[in-house]
Amino acid sequence: MVDPASTITFTFVVAGTSLLAIAARRFRVRDELPTLDGWALAGRQFGAVLTWFLLGGTIYTAYTFAAVPGLVYGIGALGFFALAYTVIVYPLAFVVLPRLWQAAKENGCITVADYVRARYDSPPLALVVALTGILATMPYIALQLLGIRAVLVAGGLYPTGGIAGDLTLVGVFAVLAGATYRSGLRAPTIISLAKGVLVFTTVVVVVVLVLEQLGGPAAVFRTAEETMAARGNPEASLTLAPSLYATYATLALGSALALLMYPHVLTASFAASSGDRIRKAIVGLPAWTAVLGLFALLGVAAIAAGVRARPGNAEAAVPMMVRELTTPVAAGLVFGALAVGALVPAAVMSVGAATLFVRNVYVEYFHPTATPKHQTQVARAVSLVAKFGALAFIFGLPDQDAINLQLLGGVWILQTFPAVAIGLFIRWLHRGALLAGWLVGMVVGTVLAASGGFSSVVSIAGLQVYVGLAALAVNLAVAAALTPALDRLGLAREAREIGANGAVLR
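Residues numbered from 1 in each chain as written. Predicted model: local features only at pLDDT ≥ 70, side-chain atom pairs only at ≥ 80, totals over all residues. Heavy atoms only, no water.

1. What about the overall build of the chain?
For the chain, the count of helices and strands is 21 helices and four strands. In terms of overall dimensions, the chain is globule-like: its C-alpha atoms have a radius of gyration of 22 Å, near the 23 Å expected for 506 residues. The principal-axis extents of the C-alpha atoms in the chain amount to approximately 70 × 60 × 40 Å. Long-range pairs, those at least 24 residues apart, make up 84% of the contacts in the chain with a sequence separation of at least 6. With an accessible surface of roughly 19400 Å², the chain has 67% of that area assigned to carbon and sulfur atoms. Positive and negative side-chain charges in the chain, numbering 31 and 21 respectively, have mean positions lying 8 Å apart. (Helix = DSSP H or I, 4+ residues; strand = E, 2+ residues; numbered from the N terminus. Rg over C-alpha atoms; globule rule 2.2 N^0.38 Å. Contact = heavy atoms within 4.5 Å. Areas by Shrake-Rupley, 256 points an atom, 1.4 Å probe, with all protein chains shown as cover. Lys, Arg positive; Asp, Glu negative; His and termini not counted. Charge placed at Lys NZ, Arg CZ, Asp CG, Glu CD.)

Structure follows, in structure tokens:
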């Protein structure tokens with residue numbers, strides 16, 4: 001039986017955040033003309049603090065906060081790779097994102113595919129970067145909804161066997177869709193402020209309460225290790241087995257490289273007012289990693305507490321533990337924070353996907369003379385289609401399909417890294433070679449993942465490595481091999497040089 005206090009607290013948190021999203025339209029420049037830049041990037045006006053909240057709220061999704069402790073609960077130390085990759089990603093982001101922002105700003109680019117178009121003067125390469133971003137983003141939006149539903153079902157706040165829970169989810173998402181339709185990126189930016197406060201405060205409170213109930217950190221780790229040893233699987237331990245070193249390292253590195261290429265991360269970055277603001281925000285982002293570490297700790301605590309999550313539903317272990325070991329108000333705050341945690345990335349993802357479609361598909365190939373107002377109207381409509389398409393996906397297909405497609409999305413988006421990130425610093429690679437490398441990497445990554453039962457790892461030379469990183473290696477090899485061949489054939493490059501400040505030199 002669910003305690004009414006938990007339900008009331010959860011409702012208060014979600015409803016209050018929804019009101020913030022509706023009010024976001026007030027945070028705009030008066031008499032501002034409707035442009036895609038203003039809707040999708042909020043006019044590139046965000047300072048370091050807003051960028052920190054928006055980037056953190058976008059990168060650390062609700063599914064991340066549910067899946068990481070679920071991984072730790074299910075497989076032990078290997079689940080901590082998410083902490084390693086969110087440590088690796090920030091030095092990379094510190095170098096790449098400000099330079100990419102500068103190149104986009106100086107050349108009037110709204111999307112990353114706009115930058116690729118300007119950099120290589122190659123519409124086909126820009127098109128595949130845009131389509132890859134859209135394909136990788138759509139299952140990611142659906143995954144946010146799956147994360148909310150899994151957490152709320154485990155917490156007893158999502159009635160099963162009827163439509164009440166589904167209607168609640170649709171209602172919350174409809175409010176978000178309406179707010180984003182009107183206000184664009186401003187809506188998730190305002191919500192990200194609430195998300196940051198809620199996530200940081202609730203996880204600290206819950207960790208303190210849970211550790212107190214279980215006898216402290218030492219007792220938690222000792223009991224959890226004994227429990228995992230009793231399972232009889234030597235690789236499922238809180239100490240990483242040597243056989244998993246390659247898996248851990250490649251998952252961390254590959255995930256870090258892929259994260260930087262996702263449209264929602266780049267959209268949040270492009271909204272900053274300068275490259276320096278992005279750098280300042282990135283310096284503070286490891287604080288979000290610390291919070292993720294606390295969520296991972298709750299996965300260890302769930303093992304020690306003897307929580308029994310049904311097979312294939314490990315992400316429910318922590319919500320079940322929170323419900324049993326904390327107060328109803330604390331449980332309601334946690335579940336509310338996780339629900340709000342899905343709204344920010346889902347909104348930014350839909351904005352990013354819609355902007356890619358409008359700029360690099362619709363305008364480029366169907367309506368080159370579209371006015372800024374018309375582009376904004378189309379982007380708004382596409383953002384609605386993206387959100388409600390994700391809803392239809394989770395209600396109409398098995399949950400595992402969304403998880404499998406999101407796995408493929410990570411593999412796919414990683415194949416844009418050479419054209420986007422590497423192209424920022426070197427101009428040797430031929431645009432035709434990059435296009436061929438992308439195609440081969442997409443095919444290899446998809447085949448490897450699908451043939452392995454949609455596993456994220458593949459065996460190469462006796463080592464288990466991340467599928468996406470293996471595909472990227474093939475991608476780069478093809479691009480490097482074809483570049484001199486295409487040069488010898490005399491095929492035009494038209495690759496434009498990137499200046500020291502990140503601008504494309506025409």
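Read on, since the account is not over.
2. Brief notes about the pattern of salt bridges
Going through the model one piece at a time under the given rule, you end up with five salt bridges. One salt bridge in this structure joins Arg117 and Asp121, with 3.2 Å as the shortest N-O distance. Take Arg117: its relative accessible area is 27%, and that puts it in the partly exposed class. Here Arg279 makes a salt bridge to Asp276, at a shortest N to O gap of 2.8 Å. Of the two residues, Arg279 and Asp276 are both situated in helix H13 (residues 275-284); the distance of three residues between them amounts to about one turn of the helix. Judged by relative accessible area, which is 47%, Asp276 ranks as partly exposed. Through salt bridges with shared partners, one network takes in Arg117, Asp121 and Glu364. (Salt bridge = Lys/Arg side-chain N within 4 Å of Asp/Glu carboxyl O. Buried < 20%, exposed > 50% of the residue type's maximum accessible area, 1.4 Å probe, protein only.)

3. Here's the deal with the packing of aromatic side chains
Inspection of the entire model under this criterion finds nine aromatic pairs. Ring geometry for Phe200 against Trp288: centres 5.1 Å apart, planes inclined by 85°, an arrangement best described as edge-to-face. With a gap of 88 residues between them, Phe200 in helix H9 (residues 186-214) and Trp288 in helix H14 (residues 286-304) connect regions that are remote in the sequence. Since its relative accessible area comes to 0%, Trp288 is described here as buried. Each residue in the set Trp52, Phe53, Tyr60, Phe65, Phe200, Trp288 and Phe295 is aromatic and connected to the rest through ring pairs, giving one cluster. Positioned above the aromatic ring of Tyr120 is the side chain of Arg119, whose terminal nitrogen or guanidinium carbon lies 5.2 Å from the ring centre. Over the face of the ring belonging to Tyr181 we find Arg380, whose NZ or CZ atom lies 5.7 Å from the ring centre. (Phe/Tyr/Trp six-rings, centres within 6.5 Å; stacked < 30°, edge-to-face > 60°. Lys NZ or Arg CZ within 6 Å of the ring centre and 35° of its normal.)

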